[in-house]
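Spelled out, the chains give:
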Amino acid sequence: MKDIFVSMYDVYEIRKDFPVLEKVIYLDSGATTQTPKPAVEAMNDFFYNYAANYGRGAHRLSIQATNAFEDARETVADFLNAPPENTIMTKNTTDSINIVANGIGFESGDHIITTAVEHHSNYVPWLRQKESGVLVSVADIDSEGFVNPNQIDEMITENTKLIAVGHISNVFGSVQDIEKIIKIARRNNIPVLIDGAQSAGHMEIDFKSLDCDYFAAAGHKGLLGPQGTGVLCIKDPDTLQPSVLGGGTTSEADLCGFKTKSSPECFEAGTPNLPGIIGLGAAVEYLQKIGVADVETHDNQLARSAADRLNEMDGVSVYGPKNRAGLVSFNIDGLEPHTVAMRLDQLNICVRSGYHCAMPGQKALGINGSSRASFALYNTEEEINIFIDAVSKIAESRN
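Residues numbered from 1 in each chain as written. Predicted model: local features only at pLDDT ≥ 70, side-chain atom pairs only at ≥ 80, totals over all residues. Heavy atoms only, no water.

**A short note on the sheet that holds strand S2 (residues 87–90)**
Going by this rule: When DSSP locates at least two bridges between a pair of strands, those strands are taken to pair. Per the convention used, a helix needs a DSSP run of H or I reaching at least four residues, while a strand needs a run of E reaching at least two, with both numbered from the N terminus. A fitted line through C-alpha atoms represents every axis, and for helices the fit uses only the stretch in contact; the resulting angles, taken between N-to-C directions, go from 0 to 180 degrees.
A sheet is described by the order of its strands in space; here 7 strands give the open sequence S2-S8-S7-S6-S5-S3-S4, paired in mixed fashion. The sheet is open, and its two borders are formed by S2 and strand S4 (135–139), each paired with just one other strand. Ignoring which end each strand starts from, the neighbouring axes of this sheet average 15° apart. Here strand S3 (residues 111–115) pairs with S4 via 5 bridges, running parallel.

Structural data, given as structure tokens:
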């Protein structure tokens with residue numbers, strides 16, 4: 001069947017850059033996207049031709065490696081419309097969020113607001129602050145996975161020091177009204193952290209226009225980069241103290257003390273993942289050529305089509321709104337999510353199963369885990385047809 005979105009870009013031509021797609025139907029991009037050949041080739045080029053440490057030497061290989069790393073930083077910063085000097089290269093979204101959690105310097109009596117729909121990465125670091133006497137409020141979600149910004153407004157106190165919200169739910173595909181939440185925060189002079197793990201690369205992000213204080217994202221999800229890469233955009237680096245110190249962060253040291261470098265280096269302790277970040281830069285360039293707006297339309301239409309068709313099946317429950325981002329979580333009556341995922345795997349279809357590291361939201365709605373299909377720029381309508389047919393047969397055979 002011809003792909004219905006081929007007019008936006010040639011998805012079949014793009015698929016040639018992702019060899020594994022010849023073997024399986026990959027519907028787990030919410031966890032990790034596949035990395036295109038140009039990004040893999042950029043990493044191979046590093047290992048084969050100029051592998052050396054970052055900023056640690058005057059020889060030609062070290063200079064080339066450092067320049068390539070900084071070029072990648074500029075590419076990612078430009079893609080997100082953030083200043084390069086305020087764009088920190090990290091291991092993943094979790095690492096990015098923990099840099100903020102450990103760098104603000106919360107004190108007993110401070111107050112943090114987060115939500116029940118969050119991934120554990122944007123939930124557990126805040127709960128841990130309770131050990132230091134910090135108060136944490138958790139905003140409710142509705143049956144479709146949305147947070148009401150007005151509830152966040154009502155939770156604000158004179159001691160509120162941070163509001164932390166995920167942009168897109170990795171369970172429900174609900175896109176939160178972060179613009180309104182940020183406006184509420186600005187009105188009350190409260191910093192905001194946005195978890196963009198599921199939005200960066202799947203929709204256009206303009207860090208400056210968003211006017212949030214911290215934006216965290218993964219390199220290995222919508223940005224198409226390798227695992228072990230991430231990014232943290234910081235509006236004002238002076239609001240954070242580096243939480244990990246050592247090589248690369250220090251400008252001066254003697255027997256009495258030390259001084260740290262300025263951003264971004266003060267937040268990037270030790271030898272960075274040079275090949276990974278270089279690969280991430282190449283992946284973002286690849287994504288820019290395709291166009292994120294077209295990717296967003298492609299992903300969302302596939303997810304909404306899949307959700308509509310799953311909703312028509314007897315014994316299948318679908319979670320999230322009709323106008324969802326590019327994923328759909330579901331359950332088949334009488335079958336555990338892992339059982340559904342394993343049966344699909346036998347048909348060469350890869351989906352996620354379990355709580356998706358987001359237990360509070362599912363438990364709040366009485367959901368004991370789910371199977372999740374998540375989509376990316378390389379998936380086709382034909383693959384969705386095969387997936388829907390497979391789920392239908394599993395649902396019919398459960399009795």
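Having put the structure on the table, let's press on.
**Some points on the pattern of salt bridges**
Selection rule: Definition used for salt bridges: Asp or Glu carboxyl oxygen within 4 Å of a side-chain nitrogen of Lys or Arg. Whether a residue is buried, partly exposed or exposed follows from its accessible area with a 1.4 Å probe, protein chains only, as a fraction of its type maximum: under 20%, in between, or over 50%, in that order.
Applying the stated criterion across every chain yields a total of 13 salt bridges. With a shortest N-O distance of 3.6 Å, Asp28 and Arg372 are connected by a salt bridge. With Asp28 in the loop between strand S1 (25–26) and helix H2 (37–50) and Arg372 in strand S15 (residues 370–374), this residue pair connects regions lying 344 residues apart in the sequence. Like Arg372, Asp28 is buried. As a salt-bridge pair, Lys393 and Asp389 come within 3.3 Å of each other at their nearest N and O atoms. Taken together, the residues Lys393 and Asp389, both in helix H13 (residues 381–397) and 4 residues apart, mark about one turn of the helix. Residues joined by salt bridges that share partners form a network here, namely Arg186, Asp211, Asp213 and Lys235.

**Side note on the state of the cysteines**
Spelled out, the test is: The disulfide criterion used throughout: a pair of cysteine sulfur atoms within 2.5 Å.
Counted by the stated rule, this structure contains 0 disulfides. The cysteine Cys266 is free of any disulfide, with Cys233 supplying the nearest cysteine sulfur at 15 Å. Sulfur of Cys350: no disulfide; nearest cysteine sulfur belongs to Cys357 and is 18 Å away.

**Overview of the pairing of strand S12 (residues 327–332)**
Among the 6 residues that make up S12, 6 are buried, leaving the element largely enclosed by the rest of the structure. On S12, burial covers both faces: Leu327, Ser329 and Asn331 on one face and Val328, Phe330 and Ile332 on the other are all buried. Of the pairings in the sheet, the one linking strand S11 (residues 316–319) to S12 comprises 4 bridges and is antiparallel in character. Bridging across to S12, Tyr319 finds its partner in Ser329. Inspection of the sheet shows S12 paired to S15 by 4 bridges, in the antiparallel sense. Across the sheet, the residue bridging to Leu327 is Ser374, located in S15.

From the geometry alone we can't say anything about function, so treat these as descriptive.
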